[in-house]
Amino acid sequence: MPQLADLTAAVAAGNRKDTARLTQELLDAGVEPQVIVEKGLVPGMSIIGEKFAANEIFVPEMLIAARSMKGALALLEPLLADAGVKPEHTVVIGTVQGDLHDIGKNLIAMMWKGAGFEVIDLGTNVPAEKFLAAAQEHNASVVGLSSLLTTTMPAMREVVKVLREAGLTKTKIVVGGAPITPTFATEIGADGYAADAGSAVAVARELMGITA
Ligand code: B1M
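Everything numeric here is computed off the predicted structure, so don't read it as measured data. (Residues numbered from 1 in each chain as written. Predicted model: local features only at pLDDT ≥ 70, side-chain atom pairs only at ≥ 80, totals over all residues. Heavy atoms only, no water.)

Enquirer: Is there a simple way to think about the packing of helix α1 (residues 4-12) against helix α3 (residues 33-53) in this case?
Expert: When two helices pack together, their arrangement is given by the angle between their axes and by how far apart the axes lie. Look at α1 against α3: their axes get within 8 Å of each other, and the N-to-C directions meet at 40°. In the packing of α1 onto α3, the handedness of the crossing is right-handed. Residue-level inspection shows Leu4, Leu7, Thr8, Val11 and Ala12 of α1 in contact with α3, the latter providing Val35, Ile36, Lys39, Gly40, Leu41, Pro43, Gly44, Met45, Ile47 and Ile48. Residue composition of the contact of α1 with α3, grouped by class: eleven nonpolar, three polar and one charged. (Axes fitted to C-alpha atoms, helices over the stretch in contact; angles between N-to-C directions. Helix = DSSP H or I, 4+ residues; strand = E, 2+ residues; numbered from the N terminus. Left-handed = near helix turned anticlockwise from the far one by under 90°. Contact = heavy atoms within 4.5 Å. Nonpolar A, V, L, I, M, F, W, Y, C, P; charged D, E, K, R; others polar.)

Enquirer: Hey, could you run me through the side chain of Thr90 in this one?
Expert: The topology assignment puts Thr90 in strand β1 (residues 90-95). Dropping the residues within four chain positions of it, Thr90 is found in contact with Glu118, Ile120, His138, Ala140, Ser141 and Val142.

Enquirer: Please clarify how the pattern of salt bridges should be interpreted in this entry.
Expert: Applying the stated criterion to the full structure yields eight salt bridges. Salt-bridge contacts for Glu25 lead to Arg21; the nearest nitrogen and oxygen are separated by 3.2 Å. Linking Glu25 with Arg21, this pair stays in helix α2 (residues 16-28), spanning four residues, or about one helical turn. Residue Glu25 is classed as partly exposed on the basis of its relative accessible area of 30%. (Salt bridge = Lys/Arg side-chain N within 4 Å of Asp/Glu carboxyl O. Buried < 20%, exposed > 50% of the residue type's maximum accessible area, 1.4 Å probe, protein only.)

Enquirer: Got a minute to help me understand the pairing of strand β4 (residues 172-176) in this structure?
Expert: Within a regular strand, side chains alternate between the sheet's two faces. Extensive coverage of β4 is indicated by the burial of four of its five residues. Two strands pair when backbone bridges link them, and strand β3 (residues 142-146) and β4 are joined in this way by five bridges, in the parallel orientation. By the bridge assignment, Ser146 is partnered in β4 with Gly176. Where the polypeptide runs from β3 across helix α7 (residues 153-165) and back to β4, its parallel neighbour, the crossover connection is right-handed. Sheet analysis places β4 next to strand β5 (residues 192-193), joined by two bridges and oriented parallel. By the bridge assignment for β5, Val174 is matched with Gly192. Handedness of the crossover joining β4 and β5 through helix α8 (residues 182-188) is recorded here as right-handed. (Pairing = 2+ DSSP bridges. Right-handed = clockwise from strand over helix to strand, strands pointing away.)

Enquirer: Explain helix α6 (residues 128-138) to me, please; I cannot follow it from the model alone.
Expert: Side chains three or four residues apart in an α-helix point the same way, a direct result of the helix having 3.6 residues per turn. Taken together, the buried positions of α6 are occupied by Ala128, Phe131, Leu132, Ala134 and Ala135. The buried residues of α6 occupy one face: seen down the axis, they fall within an arc of 170°. Exposed residues pointing more than 90 degrees away from the buried face of α6 are listed as Glu129 and Glu137. Buried residues along α6 sit in contact with β1, β3 and α7. Asn139 sits one or two positions beyond α6 and adopts a positive phi of about 50°. (Arc of directions from axis to C-beta.)

Here's what the structure looks like:
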């Protein structure tokens, strides 16, 4: 049986074929999809991030690693997102304006689907007005905002401001992403902060008052 560390190495090497093969082999061996994500794939992206910060690799290598991870996530999505229940709550999610990172956001979307929510994914580089329009159109219970860059944190603040000014009383705002902290979430007036995909489910459920 392959080890999770082999998968981490394949992602970090940007080896799309090996990443997909090892993901499938780990699944076949009975390893939980969430474990594959958290202990196999995500650490590979962390290695990439460290190497980029140290100028050992550049944007093209980050892109290649991201493609490998996305290939693996495509294999895992049906398992992570299959709730088997009729959704009662709609959530809107997107990466804020100026930011093109979507792997973490996609993961949260999959987990929210898996938790039984209807997910409207607005993609990346989403302006505040688009979040507002989608929240109104779909009568969203939650709007989820992702930001991976310190430079796009102000865009997150702007979305919260626009949603608040529009007076959406029912809609809760959940924020997350590598540079986001609970303190920042409180400061900009978000209702919830989640550090990762697992806690994003817990936070959304709590805000919707789902206890069972
Ligand atoms: Co970019 N990038 N990148 N990048 N990139 C980072 C974020 C960086 C930390 C790398 C580094 O320097 N170490 C750095 C940001 C520094 C900073 O602002 N402090 C950085 C930079 C600088 C840049 C560019 C500016 C580089 C350049 O052009 N010079 C550029 C910006 C482009 C833009 O957005 N305008 C850029 C571009 C790219 C690529 C396009 C090449 C590619 C993205 C491909 C894609 O997403 N389709 C990329 C990548 C791959 C990364 C790293 C290596 C990996 C990101 C990732 O996918 N991680 C990243 C370094 C790192 O994160 N260690 C880096 C895996 C993913 C599962 O984790 O997204 O953190 P993450 O999501 C987590 C949590 O954050 C949380 O849960 C997720 C699951 O656990 N979470 C939420 C995320 N959203 C949430 C929402 C929630 C709740 C939780 O509620 C709604």
